[in-house]
Each structure stands twice: as C-alpha cells, then as structure tokens.
Amino acid sequence: MKTRFQPLQGPGALLCLIILLAAARLEAATPTLIWSDDFNQPDNSAPDPAKWTYDLGDNGWGNDELETYTDSRDNSYITTDPAATDGKALVIRIINANGSYTSARLKTQGLFNASYGRIEANLRVVNGNGLWPAFWLLGADIGSVGWPACGEIDVMEILGKAPGKLYGTLHGPGYSGANGIGNTFTLPDGALFSDAYHVFAVDWSPNKIVWSVDGMVYHSVTPADLPAGTAWVFNNSPAFIILDLAVGGFFADAPDSSTPLQASYLVDYVRVYGLPSDAPTGGTATPAMSANQLNLSWTAPDLKGFALTGYHLDRATDSGFTQNLVQRDLGMATMLTDSQLGGGATYYYRVSATTRGGTSDFSAVFSGTAPATDTTPPPMPAPTPTHPPSQGGGGGGAVSLWFLALLSLLSLVRRYSRHPRESGFSVCQTKPCRRLVPGVGVEPTRL
Ligand SMILES: [Ca+2]
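## Some points on the overall build of the protein
Logical step 1: Scanning the protein for helices and strands turns up two helices and 26 strands.
Logical step 2: By sequence separation, contacts in the protein at least 24 residues apart represent 71% of the contacts at least 6 residues apart.

## Describing the pairing of strand β20 (residues 294-299)
Logical step 1: Both strand β19 (residues 281-287) and β20 contribute to a ladder of five bridges, which runs antiparallel. Its bridge partner being in β20, T286 is matched across the sheet by N295.
Logical step 2: Connecting β19 to the next strand, β20, in antiparallel fashion are six residues, including N292 with a positive phi near 65°.
Logical step 3: When β20 meets strand β23 (residues 335-338), the two strands line up antiparallel, connected through four bridges. Bridge assignment links S297 to a residue of β23, and that residue is M335.

## What to know about the nonpolar core
Logical step 1: Membership of the largest hydrophobic core comes to 71 residues, with the highest contact counts inside it found for I119, L123, F135, L137, V155 and V267.
Logical step 2: Tallying contributions element by element places strand β18 (residues 262-274) first for this core, with eight residues.
Logical step 3: Setting aside residues up to four positions removed in sequence, V267 forms contacts with F39, A89, L90, I92, A121, L123 and L243.

## Concerning the environment of V213
Logical step 1: Here V213 is to be found in strand β15 (residues 208-213).
Logical step 2: Expressed as a C-alpha distance, the spacing of V213 and N122, which sit 91 residues apart in the sequence, is 9.7 Å.
Logical step 3: The residues contacting V213, other than those within four sequence positions of it, are L166, F185, H198, V199, F200 and Y218.

## Comments concerning the environment of E65
Logical step 1: Structurally, E65 can be placed in the loop between β3 (53-55) and β4 (68-69).
Logical step 2: Classification of E65 by C-beta neighbours within 10 Å gives buried; the count is 24.
Logical step 3: Residues E65 and F251, spaced 186 residues apart in sequence, show a C-alpha to C-alpha distance of 9.2 Å.
Logical step 4: Those residues within four positions of E65 in sequence are excluded, and the remaining contacts are G60, A246, V247, G248 and G249.

## Considerations on the pairing of strand β11 (residues 152-158)
Logical step 1: For β11, the buried fraction is high: seven of the seven residues fall into the buried class.
Logical step 2: With five bridges joining them, strand β10 (residues 131-139) and β11 adopt antiparallel strand pairing. Paired with F135 across the two strands is M156, which belongs to β11.

## Let's talk about the sheet that holds strand β13 (residues 181-186)
Logical step 1: The seven strands are arranged β3-β8-β17-β10-β11-β12-β13 in an open sheet whose pairing can be described as antiparallel. Each edge of the open sheet carries a strand with a single partner, namely β3 and β13. Taking the axes of each pair of neighbouring strands and ignoring which way they run, one obtains an average angle of 20° across the sheet.
Logical step 2: Two elements, strand β8 (residues 105-107) and strand β17 (residues 239-247), share three bridges in a ladder whose sense is antiparallel. Paired with L106 across the bridge in β17 is L243.

## Digging into the environment of S360
Logical step 1: Of note, S360 is situated in the loop between β25 (358-359) and β26 (366-369).
Logical step 2: The exposure class assigned to S360 is buried, which follows from the 27 C-beta atoms found within 10 Å.
Logical step 3: Each C-alpha atom, one on S360 and one on A279, is 5.3 Å from the other, the two residues being 81 residues apart in sequence.

## Notes on unusual backbone geometry
Logical step 1: The omega torsion of the bond from W147 to P148 falls at 10°, within 30 degrees of zero and hence cis.
Logical step 2: Here P148 lies in the loop between α1 (142-145) and β11.

## Topic: the confidence of the model for the protein
Logical step 1: Taken over all residues, the pLDDT of the protein has a mean of 82, while the share at 70 or more is 77%.
Logical step 2: Here residues 1-29 is modelled with pLDDT under 50, and outside its nearest four sequence neighbours on either side it reaches 53 contacts, counting other chains as well.
Logical step 3: When the criterion is pLDDT under 50, residues 388-399 qualifies, and its contacts beyond four places in sequence or with other chains add up to six contacts.

Cut-offs and rules
Residues numbered from 1 in each chain as written. Predicted model: local features only at pLDDT ≥ 70, side-chain atom pairs only at ≥ 80, totals over all residues. Helix = DSSP H or I, 4+ residues; strand = E, 2+ residues; numbered from the N terminus. Contact = placed C-beta atoms within 7 Å. Pairing = 2+ DSSP bridges. Core = buried A, V, L, I, M, F, W, Y, C linked by C-beta atoms within 7 Å. Buried ≥ 20, exposed ≤ 12 C-beta atoms within 10 Å, placed from the backbone. Axes fitted to C-alpha atoms, helices over the stretch in contact; angles between N-to-C directions. pLDDT = per-residue confidence, 0-100.

The structure is reproduced here in structure tokens:
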C-alpha cells in the first residue's frame, strides 16, 4: 500500500510522512499507451464505431483516384488472421467490379486526435499495379485552416506496383504534394511489404518528427529542413489518423490487367503512445513554523496538451538520492508539507509530473533544512466572558432563555393555582370560560 505526502491544508496542518527505507528506484520517463485498436472483434463485424468513422464517395481525393469509398462490410471488416499478433485484423478490401472500384477510408476524425508521442501500426499491405495503401495523419484543424496549412504526416505509403519500397513524407504550407519532405526505405533482398506484417511508426515531438519501420529510423524532419520562409505547423497541433486503400491517381499510376480484382490491406493494430512532458520547475523547500516540517512547492511543467494525473516526489538526505530515499506518488497539488523530519537535518527533493502522455523528467534538485524548534506564535488569549458561558456555543444562549421562561411559567402556574377564580388561563375546569386571544379576536379551544 502506498503512503502519500499530504497537500498543505493550512499553517497549523500536521501532515505526517512515514519515512521508509525504500530501495533506490529511479523513475524512467516511460511513454504511455494512450489510444489503441487491436481490431479483435468477431469476424465480419465493423470496425469499432467509437474509434473509427469513414470518408465516403468518389471525388478523386485530390489525386484523381479511381475508387469509391464506402462504409460497407464488403470493404472494411474484422477477420481472423493467424499472422496478426493477436490472430485478428481489420481488412480494408478494394473490389474491382467491371472497372468500378470500391474501397474504404477509415479515420479517427472527431473521435481521437494524436499529438506528441509515437503513432504506430502493424500493417500488411497489398501488391498490384495502381493500388496505394496508406497510414497517415491530417491536422485536426483542417476544417478551419484547410490543407496543407493543417499539416499532413504520411507515416506509410506504399505503391502496389513496387511494394518493397516505403515512403514517409511530411506535408505543410509551402511543402506539399510533390514538394513534400520525404524519404524512402526499401526492404533488402527483394522482399515485399505485402509479404508480411511490418510496424510503421512516427515519433512526434516538438520541432521534430522521426519515421521508422520495424524500429529502424529512415527519415527525420525538423523546422531546419523546411524551405526558407515556410512554417512548421506540427507543434501543439493534434491530428487524426487515417487508414485507406486507394487505386490510381497521380502518385500510384493506373491499375492494369495484372491488378487483382480484389486486394486486402490488413491492419493488426494501431497504437498511440504519449511522450513525457517537460519537468516541473521552481522547486522550493522552506522551513515550516512547526518543528520538524518543511513546506514544499514547485511549478507545473508545460504539459504539451496532455492531462496531468499527478506528481512523483523523491526525498533523500543526500543530493545523489542514495541515502534514506523515500518515493511517493502524489495528487495534483503543487504545495505540501513534509513532516516528522529530523530537526536540523537537510533534505533533498526532486519531482516529476505524471500525465496521460507519460512521466516527465525530474525537476532540478531542491533542498531545505527542517527547523528543530517550533516557531509558531502563541495562541491569542481567550476573551473574558461578560456572563457565564453556556454549553453548546451560540445555541446555549437560547437554551438559557428557554430555561428562564420555564421558571417564569412555573411561577405563574403556582400563583394562579392558588387563585383559580381569577384565572382565565388554564383553570376553567368546571364551566365554560370565554377569553379572547389578545390581538387575534378568536376564541381559544375550550379545554
Ligand atoms: Ca489485431
């Protein structure tokens, strides 16, 4: 069970930290899986509608393509595939029916946007002249700024006429279409990407995007690689994922009689990992007014669009964090009191942020010396009561008044009990007695 540092509640808060002799454990900055689809639903079912939607139609898609995209199960469905890591895969199938092509283009637009991190997919592409499978990203702001200002990251494009060659390309304003900034990777020994699954990925970070296949980096772009005067539109600019199988057009060339009438592009999985954020800054450890306590604080880092889930704090009695190391996972507060420290001892701290995108690096080390004595000012003297205090605070005054009223009432009862004929109050026991309630003018109920 984990114990916790406690958020600072107030100057008098006494918040305890039990010192544990924890083994040294440096927290690595680990990417976190933040979105994925393994396409492991029952055979012939649709791709998860919570994750995928469709582009539909036959408008050529800016490339004079031939296919009509549909949301039919003829063109996209889940299948059993022993070659997939989990035995299940998404099929995107292109069908040639008398020269009319139907296919599918799935996208996460409006459902999920990727940002900094690793975006990867395990894919088995197709072989055939004119076919053009792809795995790519478009800036989520395409609706407002248009293309190519939204930015486009082509993680994988492979042409069916030469499926041993992979294209990775970046498109943006001033470097789009044929002027995109790309590179290629060709499998050795005549191997084809259509023969087996391969993992295609980009690692996207501020001012840098890196392309890889099966872990081998073959392309990288930074703002320094852009044409002069053009803008890098990939910082703080989330993008949605697209998987499609096109045919024909400017890039892929036309299909011919050798092109299969049906071809299946297989998607084992798509996974998105977040990158760690920057480290927290401005850490301080200042003596508290109470003995044996330090007040800690720091400043949240730039989270780069990832949601903060908390902080991780290390404390030790040496700056190398090898002596008396204590490690805690905290909430989202950036102030807390560390207590039950050794008076006069110096403690060293470092803090990292935990986000949906992973754990950040540690902050710079900060330290403080816990006070040995209590410097809390003496409490204010209690005011002298002007009348005897009553129990129960503010309600005590009311109790006292009721008590006095009851005594008065008993006194009246005793008085009138000795003179029943003089009373109009409660002693009309043998004959009717009329008495108006003052100010109301109605008769009371006769007893
Ligand atoms: Ca799968």
